[in-house]
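# Observations on chain architecture
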Amino acid sequence: MELNAATLKAVSEALNVMLPGVEPADVVLSRFFRENAQLGVRDRAFIAETAFGVLRHKRLLETLSQHHTGRALALSFLVRLGGVSLRQIGPLLKRDELEWLTAVKAADMSQIPLAIQLDLPDWLFEMLSAQMPQEELVRLCRALQQPAPLDLRVNTLLATREEVLAKLKADGIAAQATPYSPIGVRLSEKPALSKNRLFVAGKIEVQDEGSQLLGLLVGPTRHDTVVDFCAGAGGKTLHLGAMMNSQGRLYAFDVSEKRLQKMKPRLKRSGLSNIHPQWIKSENDTHIKRLAGKIDRVLVDAPCSGLGTLRRNPDLKWRQTPQSILELSAKQSAILASAARLVKVGGRLVYATCSLLEAENEVIVRAFLEQHPDFSLLHAGELLQRHGIPLVTGEFFKLNPADHHTDGFFAAVFTRT
């Protein structure tokens, strides 16, 4: 679309309310759009794309421009990374802007420190550098700076993937089967789906392909008793329920009533009747004590830094700190230990995060195994191969956008011996 003064003003204003990082960027932007209802569909798409582009490259743009306002960062992004020429944008510029924007356009990247080029806070750059070679880190960060595609999970209780792909095609929505998940669909664009007939009928849910594969690691059968320990709004819960063919019993626990409330309309659409949402006060709630040693499958999708989702939530890296990682890892250890009490002998426990940090992943798993000799690891890669998933992963389930085109995920699978 053609850039004009009104659109530039709107994207600048949107960024000014997003940049402080007090709330998640997508929440702030949704509110901005509600408060500016006069903006058209194309304007909103441009504003969202530009604002999130700025957040993906915020540190670099601030370094190059030496400015921190929404307008300056939007201009810098458009000129340096957005394919807009100085000639095109010239008529919209104020007196001094052409001079420093020319410098932004011409800046020599070889003089910029790598942490700034990759747009990471120093503490996160150091943590990730300690985990992987520099070449691998650069590939990972470049992938994290790309927008994520929109993945859907087919509700196998109500539809097949072939049926969903055919109906999407009939609706003029370009889509293809995901390479790893046997029930996943990847869209080429990001259409509004809330009124789409497949969505309304409960035949599809928005869910990243990597998240779909977690359900296969849990591997519930029709007659199992299953607990989703940190169910949230229920994306993975609904998948597990469909895998169980709406049989057995599936408890959805969460400490947030608000998150569990968001599951209700999704549950209604899904056609599932085996899910029992349950608000708990903490990981030591009496509901958990009553079920100790009785559960076949337990999924712990632990609260984490979310750094594997930076393609969707680029602001997260600026909202986390080394201190918050320490606090999260303590919480993760406590939740995993509590959830483990539910598992019966021969049962399965899956610990998962959407983090890239060993401090939230391997370190937690090793400490858990040391403290719980009655649990042993199952090989995640072998479990996926049993489901016919063409994915080479090691003992742990590890995905990242550079190699797998999914969000960053980690999972460890335990059995109680």
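In this report, the structure presented in the accompanying data block is examined. (Residues numbered from 1 in each chain as written. Predicted model: local features only at pLDDT ≥ 70, side-chain atom pairs only at ≥ 80, totals over all residues. Heavy atoms only, no water.)

### Structural notes on the overall build of the protein
- In terms of helices and strands, the protein carries 21 helices and 12 strands.
- The C-alpha atoms of the protein give a radius of gyration of 23 Å, which matches the 22 Å a tight globule of 417 residues would have.
- Scored against the burial criterion, the 417 residues of the protein give a buried share of 54%.
- Put simply, of all contacts in the protein between residues at least 6 apart along the chain, 71% involve residues at least 24 apart.
- When the accessible surface of the protein is totalled, it reaches about 18,900 Å², and 53% of it is carbon and sulfur.
- Here the protein holds 52 positive side-chain charges and 44 negative ones, and the gap between their average locations is 7 Å. (Helix = DSSP H or I, 4+ residues; strand = E, 2+ residues; numbered from the N terminus. Rg over C-alpha atoms; globule rule 2.2 N^0.38 Å. Buried < 20%, exposed > 50% of the residue type's maximum accessible area, 1.4 Å probe, protein only. Contact = heavy atoms within 4.5 Å. Areas by Shrake-Rupley, 256 points an atom, 1.4 Å probe, with all protein chains shown as cover. Lys, Arg positive; Asp, Glu negative; His and termini not counted. Charge placed at Lys NZ, Arg CZ, Asp CG, Glu CD.)

### Describing helix H1 (residues 5-18)
- In a regular helix each residue adds 1.5 Å, so 14 residues correspond to 20 Å; H1 covers 20 Å between its end C-alpha atoms and thus fits that length.
- All of the buried residues along H1 are Thr-7, Leu-8, Ala-10, Val-11, Ser-12, Ala-14, Leu-15 and Met-18.
- On its buried face, H1 sits against helix H2 (25-35), helix H3 (41-56) and helix H5 (70-80).
- At the N-terminal end of H1, a side-chain oxygen is found 3.1 Å from the backbone nitrogen of Ala-6, two or three residues along, and the residue is Asn-4. (Expected span 1.5 Å × (residues − 1). Polar contact = N/O pair within 3.5 Å; in protein donor to acceptor, adjacent residues only side chain to side chain.)

### Quick word on the packing of helix H13 (residues 209-218) against helix H14 (residues 235-243)
- The N-to-C vectors of H13 and H14 enclose an angle of 45°; their axes lie 10 Å apart at closest approach. Relative to H14, the element H13 lies oblique. Where H13 crosses over H14, the handedness of that crossing is right-handed. Along the contact surface, H13 presents Ser-211, Gln-212, Leu-214, Gly-215, Leu-216 and Val-218, while H14 presents Lys-236, His-239, Leu-240 and Met-243.
- In terms of residue class, the contact of H13 with H14 is built from 5 nonpolar, 4 polar and 1 charged. (Axes fitted to C-alpha atoms, helices over the stretch in contact; angles between N-to-C directions. Parallel < 35°, antiparallel > 145°, perpendicular 65-115°, else oblique. Left-handed = near helix turned anticlockwise from the far one by under 90°. Nonpolar A, V, L, I, M, F, W, Y, C, P; charged D, E, K, R; others polar.)

### Section: the sheet that holds strand E3 (residues 184-187)
- Spatially, E2-E3-E1-E4 is the arrangement adopted by the 4 strands of the open sheet, whose pairing is antiparallel. Pairing within the sheet leaves two strands with one partner each, and these edge strands are strand E2 (175-177) and strand E4 (204-206). Direction aside, neighbouring strands of the sheet carry axes that sit 30° apart on average.
- Both strand E1 (residues 150-154) and E4 contribute to a ladder of 3 bridges, which runs antiparallel. Within E4, the position partnered with Leu-152 by the bridge is Val-206. (Pairing = 2+ DSSP bridges.)

### Points about the packing of aromatic side chains
- Summed over all chains, the structure comprises 6 aromatic pairs.
- A ring pair is formed by Phe-229 and Phe-253, whose centres lie 6.3 Å apart and whose planes are at 75°; its orientation type is edge-to-face. With Phe-229 in the loop between strand E5 (225-228) and H14 and Phe-253 in strand E6 (residues 249-254), this residue pair connects regions lying 24 residues apart in the sequence.
- Classification of Phe-229 by relative accessible area gives buried; the value is 3%. (Phe/Tyr/Trp six-rings, centres within 6.5 Å; stacked < 30°, edge-to-face > 60°.)

### Comments concerning the pattern of salt bridges
- The final tally for this structure, using the stated rule, is 24 salt bridges.
- Note that Glu-97 and Arg-71 form a salt bridge whose closest N and O atoms lie 2.8 Å from each other. Here the residue Glu-97 occupies a position in helix H7 (residues 97-106), and Arg-71 occupies one in helix H5, the gap between them amounting to 26 residues. Of the two residues, Glu-97 and Arg-71, both sit in the buried class.
- In this structure, the salt-bridge partner of Arg-186 is Asp-151, at a minimum N-O distance of 2.7 Å. Separated by 35 residues along the polypeptide, Arg-186 in strand E3 and Asp-151 in strand E1 bring together distant segments of the chain.
- Judged by its relative accessible area of 12%, Arg-186 falls in the buried class.
- Since its relative accessible area comes to 1%, Asp-151 is described here as buried. (Salt bridge = Lys/Arg side-chain N within 4 Å of Asp/Glu carboxyl O.)

### Let's talk about the packing of helix H4 (residues 58-65) against H5
- It is at 10 Å that the axes of H4 and H5 come closest, and there the two elements cross at 95°. Considering their axes alone, H4 and H5 lie roughly perpendicular with respect to each other. In this structure, H4 uses Leu-61, Glu-62, Leu-64 and Ser-65 to contact H5, whose residues at the interface are Leu-73, Ser-76, Phe-77 and Arg-80.
- Its residues placed into classes, the contact of H4 with H5 shows 4 nonpolar, 2 polar and 2 charged.

### Quick look at H13
- Counting buried positions over the 10 residues of H13 gives 10, a clear majority of the element.
- Of all the positions in H13, only Glu-209, Gly-210, Ser-211, Gln-212, Leu-213, Leu-214, Gly-215, Leu-216, Leu-217 and Val-218 are classed as buried.
- Residue Gly-219 follows H13 closely and has a positive phi angle near 55°.

### Observations concerning unusual backbone geometry
- Positive phi, normally seen in glycine, also occurs at Asp-119, with a value near 60°.
- Within the element layout of this structure, Asp-119 appears in the loop between helix H8 (114-117) and helix H9 (122-131).

### A short note on the environment of Glu-209
- Topologically, Glu-209 is positioned in helix H13.
- For Glu-209, a relative accessible area of 0% corresponds to the buried category.
- Taking C-alpha positions, Glu-209 is 7.6 Å from Leu-152, a pair spaced 57 residues apart along the chain.
- Not counting chain neighbours up to four residues away, the residues in contact with Glu-209 comprise Asp-151, Thr-178, Pro-179, Tyr-180, Ser-181, Arg-186 and Thr-406.

### Some points on the environment of Leu-399
- Position of Leu-399 among the secondary structure elements: in strand E11 (residues 397-399).
- On the basis of relative accessible area, Leu-399 is assigned to the buried category, the value being 3%.
- The spacing of Leu-399 and Leu-356 is 43 residues in sequence and 9.0 Å in space, taken between C-alpha atoms.
- Sequence-distant contacts of Leu-399, defined by excluding residues within four places in its chain, comprise Gly-210, Leu-213, Leu-391, His-404, Thr-406, Asp-407, Gly-408 and Phe-409.

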